[in-house]
Amino acid sequence: MAESIELFNGSDLSGWEDHKNPHLWTVEDGLIVCTSEAGKMSNLSTKAQFGDFELTLEYNADEKVNSGVFLRVSDLDDEVHTGLEIQILDTYGKEPPFNRNDSGALYDMVAPSSNPLRPAGAWNQMRLRCEGARIEVELNGVLIVEADLDQFDTPGMNPDGTKNKFKYAWKTMPRVGHIGLQTHAGMGGLSDVKIRFRNLVVKTL
């Protein structure tokens, strides 16, 4: 039976952990707030793990932000290779062609089909769906990524023959794991760039 779970209680980070750089995360005015720091990258991850689910959330990012949402992270010590990252990047107004590093991309795997991103300082809505091998990314009501993980059957390679960073084939990876919010230095390695998250809800499928 489907179940809706609020991942953030609005007052503290209960149910979340970042064992690498926890000082980068705070709760302010009912929001999860991350402040970038040059040379630092990590994830604030759910202690719980999820398999097939739909995650909805809202985020508000400063200019030059470089962040992301991780899905199905199976190893918190190696989230970069064992988690699917949905990119959050300050690419407002960018025209096509889009690449696999633009905001909304399934990072290094599938480029967004369009760019409905709102300008820095505005709230954006995301809907991220994981069901078996199927991954969907919806940004501000527009479906921009549809991916089939079963097509990613070779480490370091996308189905179209282009390279990706992953040392594992996503076809063979666990289809359950942690949800994470990424900390990353801002574009150009900037410190003190903030991103804010709210209304994080998981609906199990």
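Let us look at the structure shown here.

1. A look at unusual backbone geometry
- At the junction of Pro96 and Pro97, the peptide bond is cis and its omega measures out at 10 degrees in the coordinates.
- Here Pro97 is to be found in the loop between strand 8 (84–89) and strand 9 (123–131).
- For Lys64, which is not a glycine, the phi torsion comes out positive at approximately 70 degrees.
- Looking at where Lys64 falls in the secondary structure, it is placed in the loop between strand 6 (53–61) and strand 7 (66–73).
- On the accessibility criterion, Lys64 (42% relative accessible area) is partly exposed.

2. So, the nonpolar core
- One finds Leu55, Tyr59, Val69 and Phe197 to be the most contacted residues of the largest nonpolar core, which totals 46 residues.
- Ranked by residue count, the leading element in this core is strand 6, at five residues.
- Dropping the residues within four chain positions of it, Val69 is found in contact with Leu55, Leu57, Leu84, Glu85, Ile86, Ile88, Met126, Leu128, Gly180, Leu181 and Phe197.

3. Focus: the pattern of salt bridges
- Under the criterion given, the structure shown has 14 salt bridges.
- As a salt-bridge pair, Arg129 and Glu131 come within 3.0 Å of each other at their nearest N and O atoms.
- A residue is classified by how much of its surface remains accessible, and Arg129, at 22% relative accessible area, is partly exposed.
- Close ionic contact of Arg134 with Glu146 constitutes a salt bridge, the shortest N to O distance being 2.5 Å. One end of the pair, Arg134, is in strand 10 (residues 134–139); the other, Glu146, is in strand 11 (residues 142–148), with twelve residues separating them in the sequence.
- You can call Glu146 partly exposed: its relative accessible area is 49%.
- Bridged by salt links that share partners, the residues Glu54, Arg127, Arg129, Glu131, Arg134, Glu136, Glu138 and Glu146 form one connected network.

4. A look at empty space enclosed by the protein
- Per the counting criterion, the structure on display carries three cavities of 30 Å³ or more.
- In this structure, the largest cavity encloses a volume near 80 Å³.
- Put simply, the parts of the chain that give the lining of the largest cavity at least two residues each are strand 6 and strand 8.
- Size it by volume and the second largest cavity reaches roughly 60 Å³.
- When residues of the lining of the second largest cavity are assigned to their parent elements, the largest contribution, three residues, is made by strand 5 (residues 41–50).
- Residue composition of the lining of the second largest cavity, grouped by class: one nonpolar, four polar and four charged.

5. A short note on the packing of aromatic side chains
- In this structure the tally under the stated criterion is two aromatic pairs.
- Ring centres of Phe166 and Trp170 lie 5.8 Å apart, and the angle between their planes is 85 degrees; on these two criteria the pair is classed as edge-to-face. Take Phe166 and Trp170: they sit in the same class, and that class is buried.
- Between Arg198 and the ring centre of Trp123, over which it is positioned, the NZ or CZ distance is 3.7 Å.

Reading guide: rules and limits
Residues numbered from 1 in each chain as written. Predicted model: local features only at pLDDT ≥ 70, side-chain atom pairs only at ≥ 80, totals over all residues. Heavy atoms only, no water. Helix = DSSP H or I, 4+ residues; strand = E, 2+ residues; numbered from the N terminus. Buried < 20%, exposed > 50% of the residue type's maximum accessible area, 1.4 Å probe, protein only. Core = buried A, V, L, I, M, F, W, Y, C linked by side-chain atoms within 4.5 Å. Contact = heavy atoms within 4.5 Å. Salt bridge = Lys/Arg side-chain N within 4 Å of Asp/Glu carboxyl O. 1 Å grid on protein atoms, 1.4 Å probe; cavity = no way out; pocket = protein on both sides within 12 Å on 5 of 7 lines; lining within 4 Å. Points joined across faces, edges and corners; volume = space filled by probe spheres on them. Nonpolar A, V, L, I, M, F, W, Y, C, P; charged D, E, K, R; others polar. Phe/Tyr/Trp six-rings, centres within 6.5 Å; stacked < 30°, edge-to-face > 60°. Lys NZ or Arg CZ within 6 Å of the ring centre and 35° of its normal.

This is a description of form; function is not addressed.
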